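Chain by chain, the residues:
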Amino acid sequence: MKKMAVLWLSSIVLLSACSSVEISPTPTLEPTAIPTSTAMPTPSLLTEIVLSDDPLNAPYGIAINSLGNLYVNDAGNNRVLIFDANGALLSKWDKQGSGDGEFKTLGFGSLAIDSNDNVFVVDNGNSRIQKFDKDGNYILQWGTQGKEDGQFIRAIGITTDKDGNVYVADDGNPYVQKFDNNGNFLMKFGGEGEGDGQFSHATGIDVDAQGNIFVADYENKRVQKFDATGVFITGWQMGADVGVKGTPEAIAVDAQGNVYISDYVLGRMQVFDNDGNFLWALGGKMIPENPFKEPTGIAFGADGRLYVVNQGRNSISVYQLP
């Protein structure tokens, strides 16, 4: 099911270049107008970040550490790129293979950063998660291929909570798994299906300050909210504001508990409050000069900046939130 996710970054200096991309099948219905924000003014687009030299290839995940540096899982190139807050390239972790600190992805996958700036990378071609320090020094790994506890089929989403625990969503194994900071299995929840608390190709995942867990249930075209123990709380459909079922990809929760969700197929981003009440949206495939094309990863930077990965044009849209 997975699209090759092409993300974003490069210099926040105006660089211009785009790589070829894969286009996913279009839905039968599409939004016809961009919803007007009812909760806040429309964010202002600052720039579109692209990488002109050594182009990105299906980048997917984005995360920002305490120094404001941006980490990108450039999945199609089997590497992680690090940029400073202004978009200047600082480092490449680009060893390919199955050894310690090497990558072999399936063309998509996220990464996450804990409060100590450790970086956890989904290395799904090797059916594992790898942990590094902020400078790219390999620390440890866990996971093998399979559907048992601590195993993965097509891991995609990953996030950490305030205690450093790691959560992994897997679109080939219908459970969210929770691990401690060293990869020891703690629990799992979910199961295949369409009912409350079940998943059909889970993708994005994030945890709010209270420990609530939000999961993008891709094929069921909804987002589900769970408490810290994995008990289902509520769920909601994507795209209700335009009368078309959307397709959630990535999730990011801001400091106020609002939930930002990229819609890969409809080419837009929607924002909900912590209980799933619609607040505002941006973009849409029928919108002239739509700022998004097959958006995936979302991250919040300093000074109110919002980064949204555009798979469909190898770029990142950088917004200033009011």
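Parameters at a glance
Residues numbered from 1 in each chain as written. Predicted model: local features only at pLDDT ≥ 70, side-chain atom pairs only at ≥ 80, totals over all residues. Heavy atoms only, no water. Helix = DSSP H or I, 4+ residues; strand = E, 2+ residues; numbered from the N terminus. Contact = heavy atoms within 4.5 Å. pLDDT = per-residue confidence, 0-100. Pairing = 2+ DSSP bridges. Axes fitted to C-alpha atoms, helices over the stretch in contact; angles between N-to-C directions. Phe/Tyr/Trp six-rings, centres within 6.5 Å; stacked < 30°, edge-to-face > 60°. Buried < 20%, exposed > 50% of the residue type's maximum accessible area, 1.4 Å probe, protein only. Lys NZ or Arg CZ within 6 Å of the ring centre and 35° of its normal. Salt bridge = Lys/Arg side-chain N within 4 Å of Asp/Glu carboxyl O.

Caption draft 1: View of the environment of Gly146. When you line up the elements, Gly146 lands in the loop between strand E10 (144-145) and strand E11 (151-152). Sequence separation of Gly146 and Ser127 is 19 residues, and the distance between their C-alpha atoms is 8.3 Å. The contact partners of Gly146, leaving out residues within four places of it in the chain, are Gln151, Phe152, Ile153 and Asn173.

Caption draft 2: How the structure looks around the confidence of the model for the protein chain. Predicted confidence across the protein chain gives a mean pLDDT of 87, with 87% of residues reaching 70 or more. Confidence drops under a pLDDT of 50 for residues 1-38, and excluding neighbours within four residues, the segment shows 155 contacts in the predicted structure.

Caption draft 3: Looking closely at the sheet that holds strand E25 (residues 305-310). With antiparallel pairing, the 4 strands of this open sheet are ordered in space as E1-E26-E25-E24. The sheet is open, and its two edges are formed by strand E1 (44-49) and strand E24 (295-300), each paired on a single side. In this sheet, adjacent strand axes meet at a mean angle of 20° when their direction is disregarded. Here E24 runs beside E25; their pairing, made up of 4 bridges, is antiparallel. Within the sheet, the bridge partner assigned to Ala299 lies in E25 and is Tyr307.

Caption draft 4: Representation of the sheet that holds strand E16 (residues 202-207) in the model. One open sheet accounts for 4 strands, arranged E16-E17-E18-E19; its pairing is antiparallel. Strand pairing shows two members of the sheet lacking a second neighbour, E16 and strand E19 (232-237), which therefore form its edges. Strand-to-strand twist across the sheet, computed as the mean angle between neighbouring axes with direction ignored, equals 20°. As paired elements, strand E18 (residues 222-226) and E19 share 5 bridges and run antiparallel to each other.

Caption draft 5: Structural detail: the pairing of strand E5 (residues 89-93). As judged from the 4 bridges shared by strand E4 (residues 79-83) and E5, these two strands associate in the antiparallel manner. Across the sheet, residue Ile82 finds its bridge partner in E5, namely Ser91. As consecutive antiparallel partners, E4 and E5 are separated by 5 residues, and within that stretch Gly87 has a phi angle of approximately 90°, a positive value.

Caption draft 6: Layout of the packing of aromatic side chains. With the rule as written, the count across this model stands at 17 aromatic pairs. Centre to centre, the rings of Tyr71 and Trp93 are 5.9 Å apart; their planes meet at 65°, and the pair counts as edge-to-face. Note that Tyr71 is positioned in strand E3 (residues 70-74) and Trp93 in strand E5, a separation of 22 residues in sequence. Pairing Trp142 with Phe179 gives two aromatic rings, centres 5.3 Å apart and planes at 50°, and the pair type is tilted. Of this pair, Trp142 sits in strand E9 (residues 138-142) while Phe179 sits in strand E14 (residues 175-179), and the two are 37 residues apart along the sequence. Residue classification places Trp142 among the buried positions, given a relative accessible area of 8%. An aromatic cluster of at least three residues, connected via ring pairs, comprises Tyr71, Trp93, Phe103, Phe132 and Tyr138. Here the guanidinium or amino end of Lys188 rests over the ring plane of Tyr175, the centre of that ring lying 4.6 Å away.

Caption draft 7: Examining the pattern of salt bridges more closely. In the structure shown here, the tally under the stated rule is 12 salt bridges. Between Arg79 and Asp74 there is a salt bridge, and its shortest N-O distance comes to 2.7 Å. No difference in accessibility class separates Arg79 from Asp74, as the two residues are buried. Residues Asp171 and Arg154 are paired through a salt bridge, measuring 2.7 Å at the closest nitrogen-oxygen approach. Here Asp171, found in the loop between strand E13 (166-170) and E14, pairs with Arg154, found in the loop between E11 and strand E12 (155-160); they are 17 residues apart in sequence, far enough to count as distant. Judged by its relative accessible area of 27%, Arg154 is partly exposed. Ionic contacts of the salt-bridge type, sharing partners, join the residues Asp54, Asp74, Arg79 and Lys92 into one network.

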